[in-house]
Amino acid sequence: MSSIIQLLPDHVANQIAAGEVVQRPASVVKELLENAVDAKATDIKLIIKDAGKSLVQVIDNGVGMTVTDARLCFARHATSKIRLAEDLFSLGTKGFRGEALASIAAIAHMELKTKQDQDELGTHIIIEGSKFVSQEVAVLPKGTSFAVKNLFFNIPARRNFLKSDTVEFRHVMDEFQRVALAHPNIHFSFYHNGSELYNLPASGYRQRIVGIMSGKTNEKLVPVNEDTEIINIQGFVCKPEFAKKNRGEQFFFVNDRFIKSGYLHHAVMSAYDGLLKDGSQPSYFLYLQVPPNTIDINIHPTKTEIKFDDEQALYAILRASIKHSLGQFNVAPVLDFDRDANLDTPYHYKDMEAEVPTIQVDGTFNPFTDDKTNQHYSKASSGTSSSYSSGSSSSGSGSSYSGSSYSGYSKRVEPTASWESLYVGLDTENPESIESSPFTFENEEVTSSLFNDDEVEQATQKTYQIHKKYIVSPIKSGMVIVDQQRAHQRILYEQFLLNMTVNQAASQQLLFPLDLFYSASEMKLIEELKPSLATTGFVFDESKIDHVVISGIPVNITESEVPLVIEQLLSDLQDGIPANSYSQNDTIAKSMAKSLAVKTGSYLTEKEQDNLVNGLFACKDPNISPFQKPTFITMRVEDIDKKFAL
Ligand code: ADP
Ligand code: MG
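Predicted model, so just to flag it, every value in this text is computed and none were measured.

What about the overall build of the protein chain?
- Scanning the protein chain from N- to C-terminus turns up 22 helices and 22 strands.
- For the protein chain, the proportion of its 646 residues judged to be buried stands at 46%.
- Accessible area for the protein chain stands at about 33,300 Å²; split by element, carbon and sulfur atoms hold 54% of it.

Below, the structure is given as C-alpha cells:
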C-alpha cells in the first residue's frame with residue numbers, strides 16, 4: 001500500500017491556524033495594535049468600519065519593514081522577536097509566535113504599506129487568502145499600515161458566526177482599551193465609520209485611565225504603589241463607595257500586557273473586605289512588573305492567561321498594598337467618622353418620614369384561655385394592626401410627597417399622590433410583605449377566621465384581589481371590578497404625562513450610578529430622549545460613547561426596573577421619535593407606564609389594592625387604559641340579584 005501522509009500546503013495550514021488566532025474582528029485589532037507597539041510606534045491609529053467586519057486598519061509610525069521583511073512577515077513562524085528557545089524566557093514583546101499575519105492573510109484581503117526611516121521608498125503589498133496579488137515600491141511616510149478587509153471572505157461559516165455589529169464593536173472596544181491602557185506613553189486614536197471615538201495623547205497612567213473611562217473617574221481613584229524584589233505594583237483602585245454593579249472596569253497588566261487572573265482578582269477583593277456593598281465591584285487598573293523569566297505567558301494562543309512562579313507571594317503583596325492605599329487615603333471605615341449617614345441607608349428609607357413608634361396593646365389577651373384561640377387571635381390581630389399601621393404610614397408618606405415634590409399642584413392631584421406609596425411597599429420579590437398581609441383567599445386558615453369574632457374588623461376591608469388579576473370592591477350600587485394592570489397603566493401614564501408637561505418630577509439619587517451599555521444607534525436615540533426623560537425624574541451623568549450613566553431615577557421606580565424601562569422605550573421608539581413634543585411625551589409616558597405597571601399575576605397587599613382603586617378614580621380618564629382598553633367594569637346589585645333568581 002502506498003503512503004498516505006502529506007504535508008499540508010501552507011495556505012491550508014494558515015487557514016487552520018487562523019481558526020485559533022482570529023475569532024472575530026477584535027482579534028485582528030489586538031494583533032495589529034500589538035505589532036505596532038512592538039514596532040516602537042509613538043503614534044497609533046485604529047480605523048474600523050462596520051464593527052471591523054469590513055475594515056480594520058492600524059497605522060503606526062514605528063520602525064517599519066524592509067522589502068524582504070514586508071514579504072516575509074506573512075509567512076508562518078516568521079518573527080523578528082525571538083531567535084532561540086531561550087528568548088522565550090526573557091520576552092519583552094507582545095508577539096513572538098510569528099503566526100498572526102500569516103493567519104489573518106489566509107482569511108481576509110490584506111494591504112500592507114511600510115517604510116523604514118532610513119529608506120527613500122517603501123513597500124506596498126496586497127495579499128488575499130494567502131495569495132500575493134501585487135507588490136510595488138511606493139512613496140510612504142515612516143512606519144507601517146495594515147488594512148484588513150472582508151474578514152472570513154473565504155470561510156462563510158465563520159463569517160456567519162460573527163455576532164451583531166453591537167457585540168463585535170464591544171469586543172473591538174475592549175481590545176483597544178486594553179492596549180491603550182497598557183501604553184499611556186503612546187498616542188492612540190480610534191475611528192469607527194468615520195467618526196473619532198478616542199484621541200488619547202501620550203500621558204501617564206492616571207490621565208490615560210481618565211481619558212478612557214470618563215472625566216468623573218479621576219476623583220474615584222486611589223493610587224497604589226509598591227516596589228519589592230519580586231514585583232513592582234503601580235496603578236489605581238477605586239474608592240469603595242464608587243464600586244459598580246458590573247465587572248467592566250477591572251484591569252490587570254503584567255509587563256504591559258493585559259491579563260486575566262481570577263487569583264489576583266481575589267487578592268484585590270479581599271483587600272476591600274468589609275468595604276463593599278454586597279455584590280458590588282470595585283474598578284481597578286493595576287500595572288504589575290515582574291522579571292520576564294518568572295512568568296510563562298505561553299499558555300493560550302490569545303494570551304490573556306498567565307502563570308507566575310510565586311503566585312502566593314504576589315497575592316499577599318498585592319492585597320497588602322491595596323489595603324494600605326485604601327487606608328492611607330482615608331477610605332477605610334475605621335478612619336471615617338464623618339461619613340454621611342445617608343450612605344448607609346437604603347435609598348427607599350432615606351426619603352421616608354420618621355414615624356413615632358406605636359405599641360399595639362392587645363386588650364383582650366388572656367394567657368389562660370386555650371392555646372389555639374389565643375394563637376389564632378394574635379394572628380388576626382397582627383393582621384389588623386399591620387393594616388392599620390400601614391394605613392397611617394400610607395397617608396403619612398402621601399402627605400410627605402404632596403408636601404415636597406408635588407407642592408404647587410392643584411388639590412385634585414393629592415389623591416393621586418397617595419398612590420405613590422403603592423410602590424414603596426410593592427416589593428413582590430419580598431416574601432415578607434406577602435406573609436404579613438392579612439388577607440389571602442388561598443389561605444385556608446384566614447378564610448376560616450371569617451366566622452370568628454374578629455369578623456367585624458375584617459369586614460372593614462374594602463377591596464379584594466382575585467386571581468392576582470382583578471381588584472373587586474363594593475360600591476353603593478353593587479361592585480366594581482378593576483383590571484389591576486390596566487388601571488395601573490392609566491395611573492402611571494397620567495402621572496408621567498403630568499410630570500413631563502409641568503416639569504416637576506422628583507428624583508431619587510442612586511448610591512451607585514448605573515452604567516447601561518447600548519449600541520451606537522441606541523445611544524443616539526437615548527441622547528434625543530434625554531430631555532424628556534429628565535422631566536420624569538431621570539438624572540443622567542455625562543455619557544460615554546457606548547453607555548449611559550444614570551445617577552438619579554424617578555421616585556416611583558426601582559433601580560432594577562431601569563434597564564427594562566429603557567429597553568422598552570428603545571423598542572417602542574425604534575421607528576423613530578415622534579416629531580412634535582406632545583406625541584413624544586405621550587409615547588414615552590405610555591411606554592414607561594407599560595413597563596412599570598404591576599402585571600397580571602402580581603400579588604397586591606390590601607393597601608396596594610386600595611391605593612390602586614383610589615388612584616384610578618382620581619385619574620382624569622379612569623375608564624380606559626392608555627392603550628384604549630377598559631380598566632374596570634361595574635356590576636349592579638340588580639345584576640347579581642338576577643343571577644340568583646335563576
Ligand atoms: P509576531 O508578532 O508574533 O512576531 P506577526 O505575524 O504578528 O508575528 O508579525 C510578524 C513579523 O512582522 C513581526 O515579528 C515583525 O517583525 C513584523 N511586523 C509586524 N507588524 C509590524 C509593524 N507594525 N511594524 C513593523 N514590523 C512589523
Ligand atoms: Mg504579532
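Remarks on the site of ligand 1
- Taken together, 20 residues lie around ligand 1, and Asn 35, Thr 79, Ser 80, Lys 81 and Gly 98 are the ones closest in.
- In the model, an oxygen atom of ligand 1 is placed 2.8 Å from a nitrogen or oxygen of the Asn 35 side chain.
- A distance of 3.3 Å separates an oxygen atom of ligand 1 from a polar atom in the backbone of Ala 100.
- When the free accessible area of ligand 1 is taken as 530 Å², the share hidden by the protein chains comes to 92%.
- Looking at the shell around ligand 1, the elements that each hand over two or more residues are helix 2 (25-38), helix 4 (100-106) and strand 6 (143-149).
- Across the shell around ligand 1, the residue classes break down as 9 nonpolar, 7 polar and 4 charged.

Digging into the pairing of strand 2 (residues 55-60)
- Counting buried residues along strand 2, 5 of its 6 residues qualify, which places the element largely inside the surrounding structure.
- Summarising the sheet, strand 1 (residues 43-49) and strand 2 pair through 6 bridges and their orientation is antiparallel. Within strand 2, the position partnered with Ile 48 by the bridge is Val 56.
- With antiparallel pairing between neighbouring strands as the criterion, strand 1 and strand 2 make up a hairpin whose turn holds 5 residues, including Asp 50 at a positive phi of roughly 50°.
- By the bridge criterion, 6 bridges tie strand 2 to strand 6 in an arrangement that is antiparallel. Within strand 6, the position partnered with Val 56 by the bridge is Val 148.

A look at the sheet that holds strand 1
- Reading across the sheet, the 8 strands line up as 5-4-3-6-2-1-7-8 and stay open at both edges, with mixed pairing between neighbours. Every other strand in the sheet has two partners, leaving strand 5 (131-138) and strand 8 (195-200) as the edge strands with one partner each. Between one strand and the next, the sheet's axes are offset by a mean angle of 10°, whatever the strand orientation.
- In the packing of helix 6 (residues 165-182) onto the sheet, contacts are made with strand 1, strand 7 (187-192) and strand 8, and the angle to strand 7 comes to roughly 170°.
- Sheet strands in contact with helix 7 (residues 205-212) are strand 7 and strand 8, and its direction is about 160° off that of strand 8.

Concerning the sheet that holds strand 17 (residues 470-475)
- The sheet built from 4 strands is open, its strands ordered 16-17-18-22 with antiparallel pairing. The open sheet terminates on both sides in strands that have one partner only, identified here as strand 16 (464-466) and strand 22 (632-636). Averaged over all pairs of adjacent strands, the angle between their axes in this sheet comes to 25°, without regard to strand direction.
- Summarising the sheet, strand 17 and strand 18 (residues 478-483) pair through 6 bridges and their orientation is antiparallel. Bridge assignment links Ser 473 to a residue of strand 18, and that residue is Val 480.
- Set on the sheet, helix 22 (residues 637-645) makes contact with strand 18 and strand 22; between it and strand 22 the angle comes to about 65°.

As for helix 20 (residues 581-596)
- With 16 residues, helix 20 extends 22 Å from end C-alpha to end C-alpha; this agrees with the ideal 22 Å at 1.5 Å per step.
- What helix 20 keeps buried is the set Gln 584, Asn 585, Asp 586, Ile 588, Ala 589, Ser 591, Met 592, Ala 593, Ser 595 and Leu 596.
- Elements in contact with the buried residues of helix 20: helix 17 (484-502), helix 18 (520-536), strand 21 (547-554) and helix 19 (562-572).

Digging into unusual backbone geometry
- Notably, Ser 130 is not glycine yet its phi reads approximately 70°, a positive angle.
- Summarising the element assignment, Ser 130 is placed in the loop between strand 4 (122-128) and strand 5.
- A positive phi angle is found at Lys 468, which is not glycine, with a value near 50°.
- Within the secondary structure layout, Lys 468 lies in the loop between strand 16 and strand 17.
- The class of Lys 468 is partly exposed, set by a relative accessible area of 40%.

A few points about the pairing of strand 9 (residues 221-227)
- As defined by bridge partners, strand 9 adjoins strand 10 (residues 232-238) across 7 bridges and the pair is classed as antiparallel. When the sheet's bridge partners are listed, Pro 223 is paired in strand 10 with Phe 236.
- With antiparallel pairing between neighbouring strands as the criterion, strand 9 and strand 10 make up a hairpin whose turn holds 4 residues.

Remarks on the packing of helix 19 against helix 20
- Two elements in contact, helix 19 and helix 20, have axes whose closest approach is 9 Å; the angle formed by their N-to-C orientations is 135°. The angle between helix 19 and helix 20 places the two elements in the oblique class. The two elements helix 19 and helix 20 meet at a crossing, and its hand is right-handed. Within the contact between the two elements, helix 19 uses Leu 564, Val 565, Gln 568, Leu 569 and Asp 572 and helix 20 uses Ile 588, Ser 591, Met 592, Lys 594, Ser 595 and Leu 596.
- Considered class by class, the residues forming the contact of helix 19 with helix 20 number 6 nonpolar, 3 polar and 2 charged.

So, the packing of aromatic side chains
- Scanning the entire structure with this criterion turns up 16 aromatic pairs.
- Centroid distance Phe 176 to Tyr 198: 5.5 Å. Interplanar angle 20°. Geometry classified as stacked. Highlighted residues: Phe 176 in helix 6 and Tyr 198 in strand 8, separated in sequence by 22 residues. Across the pair, exposure class does not vary: Phe 176 and Tyr 198 are buried alike.
- Ring geometry for Phe 253 versus Phe 258: centroids 6.0 Å apart, planes at 70°, classification edge-to-face.
- Classification of Phe 253 as buried rests on a relative accessible area of 1%.
- In textbook terms, an aromatic cluster arises when at least three aromatic residues are bridged by ring pairs, as seen for Tyr 205, Phe 251, Phe 253, Phe 258, Phe 285 and Tyr 287.

Brief notes about a negative patch on the surface
- A surface patch of negative charge is lined by Asp 296, Asp 309, Asp 310 and Glu 311.
- Positionally, Asp 296 belongs in strand 14 (residues 295-296).

The rules behind the values
- Residues numbered from 1 in each chain as written.
- Chains lettered and ligands numbered in written order.
- Predicted model: local features only at pLDDT ≥ 70, side-chain atom pairs only at ≥ 80, totals over all residues.
- Heavy atoms only, no water.
- Helix = DSSP H or I, 4+ residues; strand = E, 2+ residues; numbered from the N terminus.
- Buried < 20%, exposed > 50% of the residue type's maximum accessible area, 1.4 Å probe, protein only.
- Areas by Shrake-Rupley, 256 points an atom, 1.4 Å probe, with all protein chains shown as cover.
- Near = heavy atom within 4 Å.
- Polar contact = N/O pair within 3.5 Å; in protein donor to acceptor, adjacent residues only side chain to side chain.
- Nonpolar A, V, L, I, M, F, W, Y, C, P; charged D, E, K, R; others polar.
- Pairing = 2+ DSSP bridges.
- Axes fitted to C-alpha atoms, helices over the stretch in contact; angles between N-to-C directions.
- Contact = heavy atoms within 4.5 Å.
- Expected span 1.5 Å × (residues − 1).
- Parallel < 35°, antiparallel > 145°, perpendicular 65-115°, else oblique.
- Left-handed = near helix turned anticlockwise from the far one by under 90°.
- Phe/Tyr/Trp six-rings, centres within 6.5 Å; stacked < 30°, edge-to-face > 60°.
- Patch = residues over 30% accessible without salt bridge, like charges linked within 9 Å, V, L, I, M, F, W, Y side chains within 5 Å.
- Salt bridge = Lys/Arg side-chain N within 4 Å of Asp/Glu carboxyl O.
- Lys, Arg positive; Asp, Glu negative; His and termini not counted.
- Charge placed at Lys NZ, Arg CZ, Asp CG, Glu CD.

Take it as geometry only, folks, not as evidence of what the structure does.
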